[in-house]
Amino acid sequence: MTMRLALAVQTAEVERQVPVAFLSGGFAEKAAKAAGMGAEGLELMVADPGQLDAGALRDVLGEHGLDPVAVGSGAVAFATGLTLLHEEPAKAAQARERLHDLIVFAAAVGAPLVTIGRFRGRLAQQGIPLEAYLRATDQTEDALRDELRPATRQLAAKTAEIA
């Protein structure tokens, strides 16, 4: 397997600077900078995919010879405070909906995966009782299995078309 260089860049709707996305400028400028640095792909740090034009982003990536290697979900947690294991059930439900949106967006832009790091949440570190943590984990697992199955299948099909 050959290693390839990819950089993380935040998309336009993410107003706060995401710590791992260090390139500045508009999306086309970030893509040009990344290509100039020898990157072959970008991880798109997205907070609200409904505000983005996946086709336009895909076109910009293509113009610079870059692949969309992933859609990063960390910007959701960073910019909105939503996490899959949020202690408030309504916020956790919003996060599951946003995960669905991220998966659909990844398929549209041609990214083969959606990362889940900080977006997962950290209930155990917030002093939340174990029962609440387990309940939130079960709800997230159920959503991933039931609600998100069509979106993940769409992503897999789109990735197969690109490969």
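All of these numbers come straight from a predicted model, not from anything done at the bench. (Residues numbered from 1 in each chain as written. Predicted model: local features only at pLDDT ≥ 70, side-chain atom pairs only at ≥ 80, totals over all residues. Heavy atoms only, no water.)

*Asks:* Which parts of the structure should I look at to understand the sheet that holds strand E4 (residues 114-115)?
*Replies:* Strand pairing in a sheet relies on backbone hydrogen bonds, with the paired strands running either antiparallel or parallel. With parallel pairing, the four strands of this open sheet are ordered in space as E1-E2-E3-E4. With partners counted over all chains shown, the strands left at the sheet margins are strand E1 (6-10) and E4, one partner each. Across five bridges, the pairing between strand E2 (residues 41-45) and strand E3 (residues 67-72) is parallel. Each residue of the ladder has a partner; that of Glu43, found in E3, is Ala70. (Pairing = 2+ DSSP bridges. Helix = DSSP H or I, 4+ residues; strand = E, 2+ residues; numbered from the N terminus.)

*Asks:* Sorry, what's going on with the confidence of the model for the protein chain here?
*Replies:* Close inspection of predicted coordinates is inappropriate for parts of the model with low pLDDT. Model confidence for the protein chain is summarised by a mean pLDDT of 82, while 75% of its residues fall at 70 or above. Ranking the elements of the protein chain by mean pLDDT puts helix H6 (residues 149-162) last, at 62, and helix H2 (residues 54-63) first, at 96. (pLDDT = per-residue confidence, 0-100.)

*Asks:* Whenever I open this one, the environment of Gln51 confuses me. Can you help?
*Replies:* Within the secondary structure, Gln51 sits in the loop between E2 and H2. Between the C-alpha atom of Gln51 and that of Thr11, which follows or precedes it by 40 residues, the distance is 9.8 Å. Only 3.0 Å separates the side chain of Gln51 from the side chain of Asp48, close enough to count as a polar contact. (Polar contact = N/O pair within 3.5 Å; in protein donor to acceptor, adjacent residues only side chain to side chain.)

*Asks:* Looking at this model, I keep getting lost on the packing of H2 against helix H4 (residues 89-109). Mind explaining?
*Replies:* Helix-helix packing: each pair is described by the crossing angle between the helix axes and the interaxial distance. Contact geometry for H2 and H4: axes closest at 8 Å, N-to-C directions at 45°. Taken together, H2 and H4 sit at an angle that is classed as oblique. For the pair H2 and H4, the crossing hand works out as right-handed. Where H2 abuts H4, its residues Ala54, Leu57 and Arg58 lie against Phe105, Ala108 and Val109. Looking at the contact of H2 with H4 residue by residue, the classes come out as five nonpolar, no polar and one charged. (Axes fitted to C-alpha atoms, helices over the stretch in contact; angles between N-to-C directions. Parallel < 35°, antiparallel > 145°, perpendicular 65-115°, else oblique. Left-handed = near helix turned anticlockwise from the far one by under 90°. Contact = heavy atoms within 4.5 Å. Nonpolar A, V, L, I, M, F, W, Y, C, P; charged D, E, K, R; others polar.)

*Asks:* What should I look at first to understand the nonpolar core in this one?
*Replies:* A general tendency of soluble globular proteins is for nonpolar side chains to be buried together. The biggest cluster of nonpolar side chains holds 30 residues, and the ones touching the most others in it are Phe27, Leu42, Leu44, Val71, Phe105 and Val109. The dominant element in this core, judged by the number of residues it contributes, is H4, at seven residues. Setting aside residues up to four positions removed in sequence, Leu42 forms contacts with Ala6, Leu7, Val9, Phe27, Ala31, Ala34, Leu61, Leu66, Asp67, Pro68, Val69 and Ala70. Membership of the second largest hydrophobic core comes to six residues, among which are Ala8, Val14, Ala21 and Met45. (Core = buried A, V, L, I, M, F, W, Y, C linked by side-chain atoms within 4.5 Å. Buried < 20%, exposed > 50% of the residue type's maximum accessible area, 1.4 Å probe, protein only.)

*Asks:* Mind showing me how you'd approach the environment of Gly72 here?
*Replies:* Residue placement: Gly72 occurs in strand E3. Along the sequence, Gly72 and Ile116 sit 44 residues apart, while their C-alpha atoms lie 7.1 Å from each other. Discounting residues that sit within four places of it in the chain, Gly72 has contacts with Glu43, Leu44, Met45, Val46 and Thr115.

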